[in-house]
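Structural characterization, general
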Amino acid sequence: MMNELSIRELMKLTRAELCGLASRLTISIPSRPEQSAERTKTLRYLHDIRRVLDWYDQAPE
């Protein structure tokens, strides 16, 4: 798995970059063993990315 970015670092990425990162992570999930630490980290990281995307959706223009 790639180096994880903090929420603050994720907030510096563009929406397109976040969507691309989320897509790559989503595609990689089936290759990770069930109940593995790597899969759990991937899911947690994907959750953080989605939180930032939600924040973008709620931020005033």
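One can find the structure itself at the top, above this paragraph.
Report follows, based on the coordinates. Remember, predicted model here, so these are calculated numbers, not experimental data. (Residues numbered from 1 in each chain as written. Predicted model: local features only at pLDDT ≥ 70, side-chain atom pairs only at ≥ 80, totals over all residues. Heavy atoms only, no water.)

**Comments concerning the overall build of the chain**
A count of helices and strands for the chain gives three helices and zero strands. Shown N-terminal to C-terminal, the secondary structure of the chain runs as helices and strands in the order α-α-α. Overall, the chain is about 40 × 20 × 15 Å in size when its C-alpha atoms are taken along their principal axes. Each of the 61 residues in the chain was classed as buried or not, and the buried ones make up 28%. Put simply, 67% of the contacts in the chain that link residues at least 6 apart link residues at least 24 apart. With an accessible surface of roughly 4600 Å², the chain has 53% of that area assigned to carbon and sulfur atoms. Separation of charge centres in the chain, based on 10 positive and 9 negative side chains, amounts to 3 Å. (Helix = DSSP H or I, 4+ residues; strand = E, 2+ residues; numbered from the N terminus. Buried < 20%, exposed > 50% of the residue type's maximum accessible area, 1.4 Å probe, protein only. Contact = heavy atoms within 4.5 Å. Areas by Shrake-Rupley, 256 points an atom, 1.4 Å probe, with all protein chains shown as cover. Lys, Arg positive; Asp, Glu negative; His and termini not counted. Charge placed at Lys NZ, Arg CZ, Asp CG, Glu CD.)

**What to know about unusual backbone geometry**
Of note in the backbone geometry, Q35 takes a positive phi value of approximately 65° without being a glycine. Its place among the elements puts Q35 in the loop between α2 (15–28) and α3 (37–58). When its relative accessible area of 75% is taken as the criterion, Q35 is described as exposed.

**Considerations on the packing of aromatic side chains**
Tallied over the entire structure, the rule returns one aromatic pair. Seen in terms of ring centroids, W55 and Y56 are 5.3 Å apart; in terms of plane orientation they differ by 50°. Their pairing is tilted. Using a relative accessible area of 25% as the deciding quantity, one classes Y56 as partly exposed. (Phe/Tyr/Trp six-rings, centres within 6.5 Å; stacked < 30°, edge-to-face > 60°.)

**What to know about α2**
Counted at 1.5 Å a residue, the expected span for α2 with its 14 residues is 20 Å, and the 20 Å between its end C-alpha atoms agrees. Among all positions of α2, only L18, L21, A22, L25 and S28 are buried. Summarising the axial view, the buried residues of α2 lie within an arc of 125°, below the 170-degree limit, and thus occupy one face. Of the exposed residues in α2, those oriented more than 90 degrees away from the buried face are A16, R24 and I27. Considering only its buried residues, α2 is in contact with α1 (7–10) and α3. (Expected span 1.5 Å × (residues − 1). Arc of directions from axis to C-beta.)

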